[in-house]
Amino acid sequence: MRQTKENMATEFTYKDLAVIYEDNHVIVVVKPCNVPSQADSSGDKDMLSIVKEYLVDKYDKEGDAYVGLIHRLDRPTGGVMVFAKTSKAAARLSEEIKNGEFEKSYLCVTCGVPKQRNGQLKHYLKKNQAKNIVQIVPQATDGAKLALLDYSFLQELNGFSLFKIALHTGRSHQIRVQMASLGLPLFGDSKYGALPATYRHNLGLWATQVGFIHPTTKEKMTFIVHPPKDEVPWRAFDIPRLLNVGIAADPYGDLANFNVLQDKSNVLRKQENKPVKK
């Protein structure tokens, strides 16, 4: 089923969970867009609960299963997530995050073309609870938190740009706010100034890669998950080629990637070309 803002949170269950890797200590899964990382005021099914249900069913457990929430993705953001299966693993992975050793990379599509293709963004952010948005504030502001990321331009197509983001801090709405500060709001992001024609689509932000030291074996582990190839805006870009990645998890199947985004007269249209016959 195609993911939409309307149906994903209510219809996604543990039976739909895409598991990329699992052992006795960690489980790596794919979070769909618009599913909360953990329970919130909406009451919608969340990833933490879904992973617990998956483990209870798979191992025929009586009662609850332990699952440690190591990191979060904002509700509109999809992509790879790591959960701990033991309290010891949770503690060790949390320590990696605290020490900046847990690597997180994202893909995003922005409305607009960058003046500078690569760079680092450093801001101080604070949540505006009344408006439910995050704002850039002076460093001395009470409650301000450091936000740091590196961005790399990959491709521009009809006024939309694809970036890879290396995230060094994990603030709420961080990539959305910091890219918007460059005049490059994320595709579909009504909170931070995207083109209105993109609002009906999912947010153009995807957690594509995580890297960490395994909590018990001490091996370096890296997991890469590409965004769904059949969905706007991702289907406009040849992401495997742009990232020079030969193999990556594709839990949504081998779907044709031959669509191009166009934005004319503030109306978003899709143009489909027939795939080349092999």
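Residues numbered from 1 in each chain as written. Predicted model: local features only at pLDDT ≥ 70, side-chain atom pairs only at ≥ 80, totals over all residues. Heavy atoms only, no water.

## Points about the pattern of salt bridges
Thought 1: For the structure shown, the criterion picks out 9 salt bridges.
Thought 2: Put simply, Asp44 and Arg75 hold a salt bridge, and the shortest N to O gap is 2.4 Å. Here Arg75 lies in the loop between β3 (68-69) and β4 (78-84) and Asp44 lies in the loop between β2 (26-31) and α2 (47-58), a separation of 31 residues in the sequence.
Thought 3: What makes Asp44 partly exposed here is its relative accessible area of 23%.
Thought 4: Residue classification places Arg75 among the partly exposed positions, given a relative accessible area of 28%.
Thought 5: The residue Asp238 makes a salt bridge to Arg241 at a minimum N-O spacing of 3.4 Å. (Salt bridge = Lys/Arg side-chain N within 4 Å of Asp/Glu carboxyl O. Helix = DSSP H or I, 4+ residues; strand = E, 2+ residues; numbered from the N terminus. Buried < 20%, exposed > 50% of the residue type's maximum accessible area, 1.4 Å probe, protein only.)

## Examining the layout of surface pockets
Thought 1: The calculated volume of the largest pocket comes to roughly 1300 Å³.
Thought 2: Surrounding the largest pocket, 48 residues form its lining, Arg72, Leu73, Asp74, Ser172 and His173 being those nearest its centre.
Thought 3: Among the elements that make up the lining of the largest pocket, the one with the highest residue count is strand β5 (residues 103-111) (4 residues). (1 Å grid on protein atoms, 1.4 Å probe; cavity = no way out; pocket = protein on both sides within 12 Å on 5 of 7 lines; lining within 4 Å. Points joined across faces, edges and corners; volume = space filled by probe spheres on them.)

## Re α2
One turn of an α-helix holds 3.6 residues; hence residues three or four places apart share an orientation.
Thought 1: A rise of 1.5 Å per residue sets the reference length of α2, with its 12 residues, at 16 Å; its end C-alpha atoms lie 16 Å apart and thus fit the reference within 8%.
Thought 2: Looking at the buried residues of α2, the elements they touch are β1 (18-22), β2, β3 and β4.
Thought 3: Its side-chain oxygen placed 3.2 Å from the backbone nitrogen of Leu48, Asp46 serves as the N-cap of α2.
Thought 4: Looking one or two residues past α2, Asp60 carries a phi angle of roughly 50°, positive in sign. (Expected span 1.5 Å × (residues − 1). Contact = heavy atoms within 4.5 Å. Polar contact = N/O pair within 3.5 Å; in protein donor to acceptor, adjacent residues only side chain to side chain.)

## Topic: the side chain of Glu22
Thought 1: Among the secondary structure elements, Glu22 is positioned in strand β1.
Thought 2: Of the polar contacts made by the side chain of Glu22, one reaches the side chain of Tyr54; its length is 3.2 Å.
Thought 3: Only 2.7 Å separates the side chain of Glu22 from the side chain of Lys85, close enough to count as a polar contact.
Thought 4: Setting aside anything within four residues of it in sequence, one finds Glu22 in contact with Ile27, Tyr54, Leu55, Lys58, Tyr59 and Lys85.

## A word on the pairing of β4
Thought 1: Most of β4 is tucked away: 7 of the 7 residues are buried.
Thought 2: As paired elements, β3 and β4 share 2 bridges and run antiparallel to each other. Residue pairing for β4: Gly68 is matched across the bridge by Ala84.
Thought 3: Where β4 meets strand β10 (residues 205-213), 2 bridges bridge the pair, whose relative direction is parallel. Bridging across to β10, Gly78 finds its partner in Trp206. (Pairing = 2+ DSSP bridges.)

## Observations regarding the confidence of the model for the protein
Thought 1: Mean pLDDT over the protein stands at 87; residues scoring 70 or higher make up 84%.
Thought 2: Considering only residues more than four positions removed or in separate chains, one finds that residues 246-278, a stretch of pLDDT under 50, has 70 contacts. (pLDDT = per-residue confidence, 0-100.)

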